[in-house]
Structure formats: C-alpha cells, structure tokens
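Okay, here's what each chain looks like letter by letter:
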Amino acid sequence: MSVSAALSTLCYMEKDGKYLMLHRTVKKNDVNKDKWIGVGGHFEADESPEECLLREVREETGYTLTSWRFRGIVTFVSGDGVTEYMHLFTADGFEGDPIPCDEGQLEWVDISQVWKLNIWEGDKIFFRLIDENHPFFSLKLVYNGSGGLVSAVLDGKPMELFEILNEDGTRSGLVRERGVAHRDGSPHETVHTWIVRQAGSGPEGKKRWEVLLQKRSACKDSNPGCYDISSAGHLSVGDDPVEGALRELHEELGVTISAEDLHYVGRHRGSFQAPFHGRMFRDNEYSYVYVVMKPLDESSFVLQEDEVESVMWMDYEECSRQIREGILPNCIYPDEFDMVGAFLE
C-alpha cells in the first residue's frame, strides 16, 4: 500500500464562546467526509504555515485573520494510506464578510457542544489540550482505517486509551483517551485490589481484619491526598483484569504476587464528579474488585511517588465507620467496601 504525506493547516476560529465548524459533506473521497472539523487546507509551494493559514481561512470563509495562535502539530495517520502533518491554530480576531464554502456547511457551534458532533476521536484530545491551555504540543494520532483510534502520543509519550463501555457495562468498541473519558464521564473499566491481613479475633471469635490503604499523591488528577484502595488502576484497550491488577500492584506498591493470590469479589459500578485543579473530573467506572490475603513483607514495598504518597494499615470495622461518618479523608465507595467486608466474613 502506498503512503502519501501532506502538510496542512487547521484552524478553529472563536467568537462569543463558539467555534466556526465546517461540516465536510461535498467531496466524495474526502478522508473527513461527514466529519465536523475546523477550516484550513494543504500548503501550496513554498508557503509557511502562517501563509497557508491566512490563505485557506480567507478562501473558505471570506474572513481575514487579525489574531491567531499556533497551538501545535498533529501527525494524523488515517490507517488507509494518508499521513498528514496538520499545523493547528486557534484564532480570536478576524474581519470581513462571510462567504459560502465549497467544501461543506459552515456553522458557529457552542464550544461545549462541539464534543457532541461527528468529530474524530483524536480531535477531542486536542480540543481538551487547547481548553486546558496546554503549551505548544506535538500530538500523533493513529487510526485503523475505519475511523477507530488506535494510538495517541503526546510530545513523544503514549497516552492512555480506554475501551468505552455502554451504560449496561458491555463493550461498545469505541476507544477514547483517558483525559477525554474523564472530561465527559464515559463508562470504562478499572481494577481495584484490596490487601488485607488478619489481626486476631473479635467478639464471639469473629476474625478481625486490617486493610491496607494508600494515600493518593498530591499531584493526582482526582482526589489528591485522599485515602484510597490498596491498589487501583484503569484497564487500557486489550487489558485482562487479572493482568491489570497484578501490574498495578507492582507499579504502585512494588508488590509481586501470582494470579492465584487474587480473590475475585465482584464487579462494582461507581461514579462521581467534582472539580480538581480547576477542571471538572467525571468518573464513571465498572471495577473488577479483588482481595489479596497473602502475607506480604511490608519492608519490600516500593511506592510509586507520583501515584502513592504513603500507605497505612487500618482495622476494617474502624475504617468502615470513619468512611461513613466522614472522618477519614477518602475516595472509597462505601458499597464497594461493604462488598469486601462481606467477602471476609
């Protein structure tokens, strides 16, 4: 299969909280057919990105830009032989009178509603980066030839991609970047592993248990500084839950165990939304819940600094009381903690 590469510009003009969006409906063999994108086009001979930007915007909209910002370069790999290096701009100043566009319909769309249009999944990533005022970036987006996102790499570092679930917990086949999923509350899968140890007996000989809690790092994108599950993490595309649980235990705590040491408790549905670091965070997850009862050498724990600030053991019943009474600063779902307690009885 031959591969072609092209240089182009893509611009999102902004006015009164809206983007000027182009619904590409005219060209039959357009890689963007029926998608909503910004305005722009391919470089002509010897053009700079800014010269191409100004010309394409004028030709497609009738406007002359007076204020713009170069936001980043997007390497777009379509999966069907097209590779394009898009120079991404936003613009908040322009003059002139609008003209009809011969490539589709132009429409001013509220920025909050752009996410609901038929746009490329990867476009949502750079919309998020723009909205968060991310510094100039290089974003590589790879698709499978059928419009499905395969990988995303930001400034040379792979980004996390989740398989999005339907509301009933079944797989939808849609792949979405982590930040986008948490921005709009897309259902996705996680693994939650609770490490416990026996701590003698209570009344009537009932076993007493202690649970290991981790304190989340202050730099976490949600619930920084709160006490949480012993180990937890997202499942990326293609992840097996058991393998994901073992991986997270090793990465966060330095704990290495076998699959036989994981006791499956059940699947938990949890969701919440709250602002963190000035942005709304929406969690909507189906979690595979496991318990580890194997004695562990605490001296061998190696905490992942950017994830875990510290760990502590706490009596299960006391922890349950403090969670429900709001004493312990935590982000634990009480009904999931009850699942663990029922398993330990």
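Residues numbered from 1 in each chain as written. Predicted model: local features only at pLDDT ≥ 70, side-chain atom pairs only at ≥ 80, totals over all residues. Heavy atoms only, no water.

Description of the overall build of the protein chain
For the protein chain, the helix and strand inventory stands at 7 helices and 19 strands. Within the protein chain, buried positions represent 50% of all 345 residues. Within the protein chain, counting contacts between residues at least 6 apart in sequence, those at least 24 apart form 63% of the total. A total of about 16,500 Å² of accessible surface is found on the protein chain, and carbon and sulfur atoms cover 49% of it. For the protein chain, the centre of its 35 positive side-chain charges and the centre of its 61 negative side-chain charges are spaced 2 Å apart. (Helix = DSSP H or I, 4+ residues; strand = E, 2+ residues; numbered from the N terminus. Buried < 20%, exposed > 50% of the residue type's maximum accessible area, 1.4 Å probe, protein only. Contact = heavy atoms within 4.5 Å. Areas by Shrake-Rupley, 256 points an atom, 1.4 Å probe, with all protein chains shown as cover. Lys, Arg positive; Asp, Glu negative; His and termini not counted. Charge placed at Lys NZ, Arg CZ, Asp CG, Glu CD.)

A short note on the packing of aromatic side chains
Within this structure, the stated rule accounts for 17 aromatic pairs. Relative to Phe136, the ring of Phe70 has its centre 5.0 Å away and its plane inclined at 90 degrees; by these criteria the two rings are edge-to-face. Highlighted residues: Phe70 in strand β5 (residues 64–77) and Phe136 in the loop between α3 (121–131) and β8 (137–143), separated in sequence by 66 residues. Among the residues examined, Phe70 registers a relative accessible area of 26% and is labelled partly exposed. For Phe136, a relative accessible area of 47% gives the class partly exposed. With centroids separated by 6.1 Å and ring planes inclined at 80 degrees, the aromatic side chains of Phe276 and Phe281 adopt a geometry described as edge-to-face. Across the pair, exposure class does not vary: Phe276 and Phe281 are buried alike. Ring pairs connect the aromatic residues Tyr12, Tyr19, Phe126 and Phe127, which therefore count as one cluster. For Lys15, the ring lying beneath its charged end belongs to Trp108, and the centroid distance is 4.6 Å. (Phe/Tyr/Trp six-rings, centres within 6.5 Å; stacked < 30°, edge-to-face > 60°. Lys NZ or Arg CZ within 6 Å of the ring centre and 35° of its normal.)

Looking at the packing of helix α6 (residues 316–325) against helix α7 (residues 334–344)
Viewed as axis vectors pointing N to C, α6 and α7 meet at an angle of 165 degrees, and their least axial separation amounts to 11 Å. Between α6 and α7, the angle is such that the two are roughly antiparallel. In the crossing of α6 with α7, the sense of the turn from one axis to the other is left-handed. Together, Tyr316, Cys319, Ser320, Ile323 and Arg324 of α6 and Pro334, Phe337, Asp338, Val340 and Gly341 of α7 make up the contact between the two elements. (Axes fitted to C-alpha atoms, helices over the stretch in contact; angles between N-to-C directions. Parallel < 35°, antiparallel > 145°, perpendicular 65-115°, else oblique. Left-handed = near helix turned anticlockwise from the far one by under 90°.)

So, the layout of surface pockets
Using a probe with the size of a water molecule, rolled over the atoms, empty space left in the structure can be pinpointed. The computed volume of the largest pocket comes to approximately 770 Å³. Along the walls of the largest pocket sit 23 residues, with Arg128, Glu132, Glu177, Gly179 and Asp221 positioned nearest its centre. Grouping the constituent residues of the lining of the largest pocket by class yields 7 nonpolar, 4 polar and 12 charged. The computed volume of the second largest pocket comes to approximately 640 Å³. Along the walls of the second largest pocket sit 31 residues, with Arg216, Lys220, Ala232, Gly233 and His234 positioned nearest its centre. For the lining of the second largest pocket, the secondary structure elements donating two or more residues are α4 (178–184), β13 (188–201), β14 (207–216), β16 (231–234), α5 (241–253) and β18 (279–292). Taken together, the residues of the lining of the second largest pocket sort by class into 7 nonpolar, 10 polar and 14 charged. (1 Å grid on protein atoms, 1.4 Å probe; cavity = no way out; pocket = protein on both sides within 12 Å on 5 of 7 lines; lining within 4 Å. Points joined across faces, edges and corners; volume = space filled by probe spheres on them. Nonpolar A, V, L, I, M, F, W, Y, C, P; charged D, E, K, R; others polar.)

Overview of the confidence of the model for the protein chain
Mean pLDDT for the protein chain: 94, with 98% of residues reaching 70 or above. No element of the protein chain has a lower mean pLDDT than strand β1 (residues 4–15), which averages 92, and none a higher one than strand β10 (residues 157–158), which averages 98. (pLDDT = per-residue confidence, 0-100.)

A few points about the environment of Ile119
By the element assignment, Ile119 lies in the loop between α2 (111–114) and α3. In sequence terms Ile119 and Asp34 are 85 residues apart; their C-alpha atoms lie 8.8 Å from each other.

What to know about the pattern of salt bridges
Enumeration according to the criterion identifies 31 salt bridges in this entry. Between Asp131 and Arg183 there is a salt bridge, with its nearest N and O atoms 3.0 Å apart. With a gap of 52 residues between them, Asp131 in helix α3 and Arg183 in helix α4 connect regions that are remote in the sequence. Residue classification places Asp131 among the partly exposed positions, given a relative accessible area of 49%. (Salt bridge = Lys/Arg side-chain N within 4 Å of Asp/Glu carboxyl O.)

Here we look at the pairing of β8
Counting buried positions along β8 gives 5 out of 7 residues, so the element sits mostly inside the fold. Here β5 pairs with β8 via 6 bridges, running parallel. By the bridge assignment for β8, Val74 is matched with Leu139. Relative to strand β9 (residues 149–154), β8 runs antiparallel, the two being bridged by 5 bridges. Of the residues in β9, the one forming a bridge with Tyr143 is Leu149. Count of turn residues in the β8/β9 antiparallel hairpin: 5 residues, of which Gly145 carries a positive phi of about 90 degrees. (Pairing = 2+ DSSP bridges.)

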